[in-house]
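Structural overview for review
Residue-level listing of the chains:
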Amino acid sequence: HAKRSGRGRVVVYSREMEEAAKRVTRIEQALRRAVSAGEVEPHFQPIVDLRTRRIIGFETLARWTDGDLGSVPATVFIPIAEERGIIGPLSQLVLRKAAEAARSWPKDLFLSFNLSPSQLVDQNTGLHILATLDRTGFDPRRLEIEITETGLMNDPASAEKIVENLRRVGIRVALDDFGTGQSSLGRLREFHFDKLKIDRAFVSSILDDRPSEHIIRAILAMCEGLGMDVVTEGIEQEAQAERLVQFGCAGGQGFLFGRPVDADATLGYLRDSFRGALRVKAI
Ligand code: C2E
Ligand code: MG
Ligand code: MG
Ligand code: MG
């Protein structure tokens, strides 16, 4: 009997894997269709000056709702898009729509845009970004690209070439999710980043955890020395924001200030920001 149940478990396990693989393929096919049909949308999350609570820019985050699958989280469809070679066209679509929307926003606001690791080994990435900005008439000096350390590891020389070409026209480069994954301080010597985004893992424990506090303070000191801007991600509580201001962190992002919303709703954020009302709205 034991044997049989053992074998049964193996069968169940492989069936689960088969189901998972089927689901990935289903998402892949639906996503391909959605990208060709132009159905992936940019949403925008405010990035604020922590002291004044005024919006200084927005991060672009891809959103996709399928007729059958419903709303699929970016954490699910972005990795599939990467693995299955859809990230290039998806990225172009989202950047084009984002640039079209952000074109009419106040000129002092920046727009940030995420690049996946696989895009940093493909020299077409830079060309596509420049072509998209050109076509939409979006000022490259208002664009910031967010890359992760993982994205730099595969082929650092290739990534550097792409980044250099983008920087030449004024696009800024941010290191995203800093403090997670394969963090290496050496990378900060080899590569110049305009901005560093501290991962939300540190923020969630900043109020009750001494190590997180010390780590954030050390990162802030390092950024100041290296001349990098800083944004702390994942701020959900007022007390976290206040603590970060005490530490001297200038930039913040998180549900406290606003969730990612579509282009229309973003105009509401802009109105609130100009009235200085983001603080009130957040509570
Ligand atoms: P990311 O670039 O680190 O983006 C920040 C993520 O944190 C977003 O998740 C955002 O919704 C979430 N977030 C923001 N504030 C808070 C907060 O206060 N609390 C919590 N718990 N979460 C917060 P999202 O939109 O699900 O995106 C996940 C990841 O997918 C992104 O991480 C990014 O790596 C990737 N991604 C999203 N859109 C794109 C895209 O257009 N292109 C590429 N290549 N990657 C994208
Ligand atoms: Mg990001
Ligand atoms: Mg991030
Ligand atoms: Mg992330």
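The chain is annotated in an unreviewed UniProt entry as GGDEF-domain containing protein of Mesorhizobium mediterraneum.

If you check the shell around ligand 1, you find 24 residues, and the closest are Arg-63, Asn-114, Ser-116, Glu-236 and Phe-255. Here Arg-200 contributes a side-chain N or O atom positioned 3.4 Å from a nitrogen atom of ligand 1. Counting residues per element, the ones that place at least two in the shell around ligand 1 are β2 (55-66), α2 (74-83) and β6 (172-178). Broken down by element, the shell around ligand 1 gets its largest block of residues, four residues, from β2.

On to the packing of aromatic side chains. Scanning the model with the defined rule gives four aromatic pairs in all. An angle of 55° between the planes, with centres 5.0 Å apart, marks the rings of Phe-58 and Trp-105 as tilted. Of this pair, Phe-58 sits in strand β2 while Trp-105 sits in the loop between α3 (87-102) and β4 (110-114), placing them 47 residues apart in sequence. Ring geometry for Phe-191 versus Phe-193: centroids 5.3 Å apart, planes at 20°, classification stacked. Each member of the pair, Phe-191 as well as Phe-193, is classed as buried. An aromatic cluster is defined as three or more aromatic residues linked by ring pairs; in this entry it consists of Phe-44, Phe-58 and Trp-105. In this structure, Arg-259 is placed above the aromatic ring of Phe-255, and the distance from its NZ or CZ to the ring centre is 3.9 Å.

A few words now on the side chain of Thr-60. Considering the arrangement of structural elements, one finds Thr-60 in strand β2. Look past the residues within four positions of Thr-60 in its chain and what remains in contact with it is Pro-42, His-43, Phe-44, Val-94, Ala-98, Leu-111, Ser-112, Phe-113 and Asn-114.

Attention now moves to the nonpolar core. Counting residues in each nonpolar core, the largest one holds 74 residues, and the members touching the most others are Val-40, Trp-64 and Leu-143. Among the elements that make up this core, the one with the highest residue count is α3 (nine residues). Here Val-40 is in contact with Leu-31, Ala-34, Val-35, Ala-62, Arg-63, Trp-64, Leu-90, Leu-93, Val-94 and Lys-97, once residues within four sequence places are set aside.

With 12 residues, helix α11 (residues 263-274) extends 17 Å between its outermost C-alpha atoms, agreeing within 8% with the 16 Å of an ideal straight helix rising 1.5 Å per residue. The set of residues buried in α11 consists of Thr-266, Gly-268, Tyr-269, Leu-270, Asp-272 and Ser-273. Gly-276 sits one or two residues past α11 and shows a positive phi near 70°.

In this section: the coordination of the magnesium ion (ligand 2). At 2.0 to 2.2 Å from the magnesium ion (ligand 2) lie its protein donor atoms, namely Glu-59 (OE), Asn-114 (OD1), Glu-146 (OE) and Asp-176 (OD). Expressed as a motif, the donor residue spacing for the magnesium ion (ligand 2) is E-x54-N-x31-E-x29-D. Judged by its relative accessible area of 27%, Asn-114 falls in the partly exposed class. Among the residues examined, Glu-146 registers a relative accessible area of 1% and is labelled buried.

What follows is about the pattern of salt bridges. Two side chains of opposite charge can pair, provided their charged atoms sit close to one another. Overall, the coordinates contain 16 salt bridges when judged by the stated rule. Its salt-bridge partner being Glu-144, residue Arg-172 comes within 3.6 Å of it at the nearest N-O pair. Remark: Glu-144 occurs in strand β5 (residues 143-147) and Arg-172 occurs in strand β6; sequence separation between them is 28 residues. Assessed through its relative accessible area of 27%, Arg-172 is described here as partly exposed.

Positioned with a positive phi, Arg-53 is a non-glycine residue whose angle comes to about 65°. Looking at the element boundaries, Arg-53 is found in the loop between β1 (41-49) and β2. Accessibility expressed as a relative area gives 4% for Arg-53, which makes it buried. Of note, Asp-177 is a non-glycine position whose phi angle comes to about 55°, a positive value. Tracing the sequence through the fold places Asp-177 in strand β6. The class for Asp-177 is partly exposed, based on a relative accessible area of 25%.

Tracing the backbone through its elements, the reader meets His-128 in helix α4 (residues 124-136). In this structure the C-alpha to C-alpha distance between His-128 and Gly-88, which are 40 residues apart in sequence, comes to 8.8 Å.

What counts, and where the lines are drawn
- Residues numbered from 1 in each chain as written.
- Chains lettered and ligands numbered in written order.
- Predicted model: local features only at pLDDT ≥ 70, side-chain atom pairs only at ≥ 80, totals over all residues.
- Heavy atoms only, no water.
- Near = heavy atom within 4 Å.
- Polar contact = N/O pair within 3.5 Å; in protein donor to acceptor, adjacent residues only side chain to side chain.
- Helix = DSSP H or I, 4+ residues; strand = E, 2+ residues; numbered from the N terminus.
- Phe/Tyr/Trp six-rings, centres within 6.5 Å; stacked < 30°, edge-to-face > 60°.
- Buried < 20%, exposed > 50% of the residue type's maximum accessible area, 1.4 Å probe, protein only.
- Lys NZ or Arg CZ within 6 Å of the ring centre and 35° of its normal.
- Contact = heavy atoms within 4.5 Å.
- Core = buried A, V, L, I, M, F, W, Y, C linked by side-chain atoms within 4.5 Å.
- Expected span 1.5 Å × (residues − 1).
- Donors = N, O, S within 2.8 Å, 3.2 Å for Na, K, Ca; no water.
- Salt bridge = Lys/Arg side-chain N within 4 Å of Asp/Glu carboxyl O.

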